[in-house]
Amino acid sequence: FSDDLPKIAGEPYKLEQVITNIITNAREAMDEKSEKENGYSKELIFQTAQTKDEVCISITDNGPGMTEQQKTKIFEPFFTTKEVGKSTGLGMSISFGIIDSHQGRIEIESSEGEGTTVNVLLPLIMAIKD
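About the cut-offs
Residues numbered from 1 in each chain as written. Predicted model: local features only at pLDDT ≥ 70, side-chain atom pairs only at ≥ 80, totals over all residues. Heavy atoms only, no water. Helix = DSSP H or I, 4+ residues; strand = E, 2+ residues; numbered from the N terminus. Rg over C-alpha atoms; globule rule 2.2 N^0.38 Å. Buried < 20%, exposed > 50% of the residue type's maximum accessible area, 1.4 Å probe, protein only. Contact = heavy atoms within 4.5 Å. Areas by Shrake-Rupley, 256 points an atom, 1.4 Å probe, with all protein chains shown as cover. Lys, Arg positive; Asp, Glu negative; His and termini not counted. Charge placed at Lys NZ, Arg CZ, Asp CG, Glu CD. Pairing = 2+ DSSP bridges.

A.B. asks: What am I meant to see in the overall build of the chain here?
C.D. replies: Helix and strand counts for the chain stand at three helices and four strands. Going from the N terminus to the C terminus, the chain shows its helices and strands as α-β-β-α-α-β-β. Relative to its length of 130 residues, the chain is compact, with a C-alpha radius of gyration of 15 Å against a globular reference of 14 Å. By principal-axis analysis of the C-alpha atoms, the chain measures approximately 50 × 30 × 25 Å. The burial tally for the chain puts 35% of its 130 residues in the buried class. Contacts in the chain between residues far apart in sequence, at least 24 positions, make up 58% of those at least 6 positions apart. Accessible surface, the chain: about 8300 Å² in total, of which carbon and sulfur atoms supply 49%. Charge separation in the chain, taken as the distance between the mean sites of 13 positive and 22 negative side-chain charges, equals 2 Å.

Written out as structure tokens, the structure is:
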């Protein structure tokens, strides 16, 4: 992460849980794609940036991506793209709740076959509104 990012208010362990959930999903998606495609090389990119009143943490994978229908359901409890028994389908729902409680948001950019970018946007301390 960039050293010059401004401070945000947050519960460190909860934010760590969100990032861990996103990384786990990316890793599992890339593992799935790796099993199906010879010569596929996994790629996970982390980026941070600051806008006027937010810090953005972006995590991009080059996994199988999601359909439009999957993107609309990604934050629903118990929704999963994995086989039965491989996931509870709670990771992104819990992550959404955590980021919402921090007055932030999660945005998903994904194209089927091309990968996914998850942007976690959190307000700067001075931008938090009661």
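A.B. asks: I keep staring at the pairing of strand E3 (residues 105-111) and nothing clicks. Help me out?
C.D. replies: Each regular strand carries side chains that alternate between the two faces of the sheet. Going residue by residue along E3, you find Ile106, Ile108 and Ser110 tucked away on one face and Arg105, Glu107, Glu109 and Ser111 left uncovered on the opposite face. As paired elements, E3 and strand E4 (residues 115-123) share seven bridges and run antiparallel to each other. Bridge pairing in E4 links serine 110 to threonine 116. Taken together, E3 and the strand that follows it, E4, pair antiparallel across an intervening segment of three residues, in which glycine 113 is found at a positive phi of about 85 degrees.

A.B. asks: Even after reading the chapter, I still don't get helix H3 (residues 91-101), so can you show me in this structure?
C.D. replies: Every α-helical turn comprises 3.6 residues, leaving residues that sit three or four positions apart pointing alike. Where H3 is concerned, the buried positions are Met92, Ser93, Ser95, Ile98 and Ile99. Those residues of H3 that are buried are in contact with helix H1 (12-36), E3 and E4. Residue glutamine 103 follows H3 closely and has a positive phi angle near 60 degrees.

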